[in-house]
Amino acid sequence: MKLRDLTASESRQRLAGAGLAIQTGPFLYSVRTAISPLASTIYQLYADFPVVLDPTFADFHVSVNRVRRWPWVFSQAVIQVGGHGSFNPFPTERAIPYFEWGLNWCVSQYVQHHLVLHAATLERGGQGILLVGPSGAGKSTLCAALAGAGWRLLSDEFALVTPRTYELTALARPISLKNESIQLLRNRLPNSTFGPASSGEPKGTIAHLRPPQAAVEQVTQTARPAWILLLDRQPEATSCELHTIAQAPTVMKLIGQAFNYCELGKLGFATLTGLVELCACYRFTYSDLDQAVQSLNHLAASDAPSR
Amino acid sequence: MTALMRWQIPPQSDLTWWHRDSQTIVYHAQSADTHLLDLVASTGFACFESGPLDLAGLHDSMAQRLEIAADDQLMQYARALITRLERLGLLEAIDG
């Protein structure tokens, strides 16, 4: 059963009551909220996702609800993850980005059966690409553009690398876009669904793009990692450039992007080096999104590693 | 650092080596630290795999393995390398 098989009202009632379990890739989230705008946005962004109405088990339990805290004039909400209630309250109108942040927090804190890297991941022709870069490097923007150009979205936030096989597991949740990227992608993907924009965030304005239906439906298909791109967005650049980079520094760079490398110990090291051995590694300098998509389409067509 | 001092890889060390091109990454399981070494540093560190060495021994081994002159510059490098590796917990000084 998909979320869209419920009416919006049924979905809202369940979220406000016993909760609704949403399957996102390998994880089942039990979600509860009585905040109507958040419930509506969940219905909008997760319409294509499988749901379980009366789950006996969930990987993560996430609830977002109003709290009465000083200053009383502001409506505030708090997110709880599996009874973890020590997160700071936030203005209720920002419930959507905080909800998405909470789902990400679960993966970043608790998943230990994959090496979890902070990277956007997509697949084309069975081959996976990892887009790596600091906040603001344009991972999600490029990820959304590629997802709208024939690449299958795996995740705009995580690379879930399976130890020993090095396969990339898909998560395919809504893509978080910031500031000018929101309008850029609205113009680029006029038929896609966007959640409401939430302003006043530490990173500016945030809006979420519903993942393509095909990405959600094919979420159980893993991808073989083929390319690792360290993103270097240069607003003044006039062309896209792919520079091959050595594998050893790439490993060191990825360690800095890993959530659970230390916890996995030797398995984490073996997984990371195994991942990099499978991939062609590049520094990708770009400015224009059209050029970037074209360049990566060309890469996928001409540089598919034969492994 | 005196001429009588010797160093070794701590016997309980669990090290994993990964070589690519001219670079080496060493994973130290006890600390979960990962170290990127260039060709010269990794060659020097690898000299200790066969047992404890003093500064002169490291100097000679590195010159032999790298096929370079055992000159003052290499001696200075070897001394600095020992200090660095000891600080990282990859080497320890031993008596005798």
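The structure presented is a predicted model; accordingly, all values stated were derived computationally and were not measured.

Q: Sorry if this is basic, but what is going on with the overall build of chain B here?
A: Looking only at helices and strands, one finds three helices and six strands in chain B. Listing each helix as α and each strand as β along chain B from the N terminus yields β-β-β-β-α-β-α-α-β. Taken over the C-alpha trace, chain B has a radius of gyration of 13 Å; the compact-globule value for 96 residues is 12 Å, and the two agree within 12%. Once the C-alpha set of chain B is aligned to its principal axes, its extents read approximately 35 × 35 × 20 Å. Residues classed as buried in chain B amount to 44% of the 96 residues present.

Q: It is not clear to me how the side chain of K139 of chain A should be interpreted in this structure. Could you clarify?
A: Residue and element names in this part refer to chain A. Take K139: it is sitting in helix 4 (residues 139–147). Nearest to the buried, unbridged K139 among oppositely charged side chains is E157, at 6.7 Å. Among the polar contacts made by the side chain of K139, one reaches the main-chain carbonyl oxygen of G133 at a distance of 2.7 Å. A distance of 3.4 Å separates a polar side-chain atom of K139 from the backbone oxygen of P134. K139 has contacts with H118, A119, A120, L131, V132, G133, P134 and L231, leaving out every residue within four places of it along the chain.

Q: Got a minute to help me understand the interface of chain B and chain A in this structure?
A: Where interface size is quoted, it is often the accessible area lost as the parts come together. Of the residues lining the interface, 13 residues belong to chain B; the matching set on chain A comes to 15 residues. In total, chain B and chain A occlude about 1,200 Å² of area from one another, counting both sides; carbon and sulfur atoms represent 70% of this. For chain B, the biggest contributors to the area lost against chain A are W18, Y27 and T34 of chain B; these three give 43% of the whole. Across the chain B-chain A interface, the total number found is two salt bridges. Across the salt bridge formed by K266 of chain A and D14 of chain B, the nearest N and O atoms sit 3.1 Å from each other. Those elements that place two or more of their residues in the side of chain B that touches chain A are strand 2 (15–20), strand 3 (23–28) and strand 4 (33–37) of chain B. Of the residues belonging to the side of chain B that touches chain A, the class tally is six nonpolar, four polar and three charged.

Q: Whenever I open this one, the pattern of salt bridges confuses me. Can you help?
A: Two side chains that carry opposite charge are able to pair once their charged atoms sit near each other. In the structure shown here, the tally under the stated rule is eight salt bridges over all chains. D48 of chain A is paired through a salt bridge with R4 of chain A; the nearest N and O atoms lie 2.4 Å apart. Of the two residues, D48 of chain A is situated in the loop between helix 2 (36–45) and strand 3 (51–52) and R4 of chain A in the segment before helix 1 (8–16); the sequence distance between them amounts to 44 residues. Classification of R4 of chain A by relative accessible area gives partly exposed; the value is 36%. Among the ionic pairs, R20 of chain B bridges to E277 of chain A, the shortest N-O distance being 3.2 Å. One end of the pair, R20 of chain B, is in strand 2; the other, E277 of chain A, is in helix 9 (residues 266–278), on a second chain. Taken together, the salt bridges that share partners define one network made up of R4, D48 and R210 of chain A.

Q: What is the right way to read the sheet that holds strand 7 (residues 115–118) of chain A from this model?
A: The strands making up a sheet are joined through hydrogen bonds of the backbone, oriented either antiparallel or parallel. Pairing in this open sheet of three strands is antiparallel, and the strands run 7-11-12 (chain A) from one edge to the other. Edge positions in the sheet fall to strand 7 and strand 12 (168–169) of chain A, since each has one partner strand and no second.

Q: Sorry if this is basic, but what is going on with helix 2 (residues 55–66) of chain B here?
A: Given 3.6 residues to a turn, an α-helix orients residues that are three or four positions apart in the same direction. Residue and element names in this part refer to chain B. Relative to the 16 Å expected for twelve residues at 1.5 Å per residue, helix 2 spans 16 Å between its end C-alpha atoms, a close match to the ideal helical length. Of the residues making up helix 2, those classed as buried are L55, G57, L58, H59, S61, M62, A63 and L66. Against the buried residues of helix 2 lie strand 1 (6–8), helix 1 (39–46), strand 5 (53–54) and helix 3 (72–87). With its phi angle positive at about 55 degrees, E67 sits one or two positions after the end of helix 2.

Q: Honestly, the packing of aromatic side chains in this entry has me stumped. Any pointers?
A: Two aromatic rings, taken as a pair, are described by how far apart their centres are and by the angle between their planes. Residue and element names in this part refer to chain A. Inspection of every chain in the model, using the stated rule, returns 15 aromatic pairs over all chains. Ring geometry for Y46 and F99: centres 6.4 Å apart, planes at 80 degrees, overall edge-to-face. Of the two residues, Y46 sits in the loop between helix 2 and strand 3 while F99 sits in helix 3 (residues 95–110), which places them 53 residues apart along the sequence. Seen in terms of ring centroids, F284 and Y286 are 5.3 Å apart; in terms of plane orientation they differ by 15 degrees. Their pairing is stacked. The two residues F284 and Y286 agree in class, both being buried. Ring pairs connect the aromatic residues F27, Y29, F60, F87, W101, W105 and Y110, which therefore count as one cluster.

Thresholds applied
- Residues numbered from 1 in each chain as written.
- Chains lettered and ligands numbered in written order.
- Predicted model: local features only at pLDDT ≥ 70, side-chain atom pairs only at ≥ 80, totals over all residues.
- Heavy atoms only, no water.
- Helix = DSSP H or I, 4+ residues; strand = E, 2+ residues; numbered from the N terminus.
- Rg over C-alpha atoms; globule rule 2.2 N^0.38 Å.
- Buried < 20%, exposed > 50% of the residue type's maximum accessible area, 1.4 Å probe, protein only.
- Lys, Arg positive; Asp, Glu negative; His and termini not counted.
- Salt bridge = Lys/Arg side-chain N within 4 Å of Asp/Glu carboxyl O.
- Polar contact = N/O pair within 3.5 Å; in protein donor to acceptor, adjacent residues only side chain to side chain.
- Contact = heavy atoms within 4.5 Å.
- Buried area = accessible area lost by both parts, 1.4 Å probe.
- Nonpolar A, V, L, I, M, F, W, Y, C, P; charged D, E, K, R; others polar.
- Pairing = 2+ DSSP bridges.
- Expected span 1.5 Å × (residues − 1).
- Phe/Tyr/Trp six-rings, centres within 6.5 Å; stacked < 30°, edge-to-face > 60°.

Treat this as a map of the structure, not an account of what it does.
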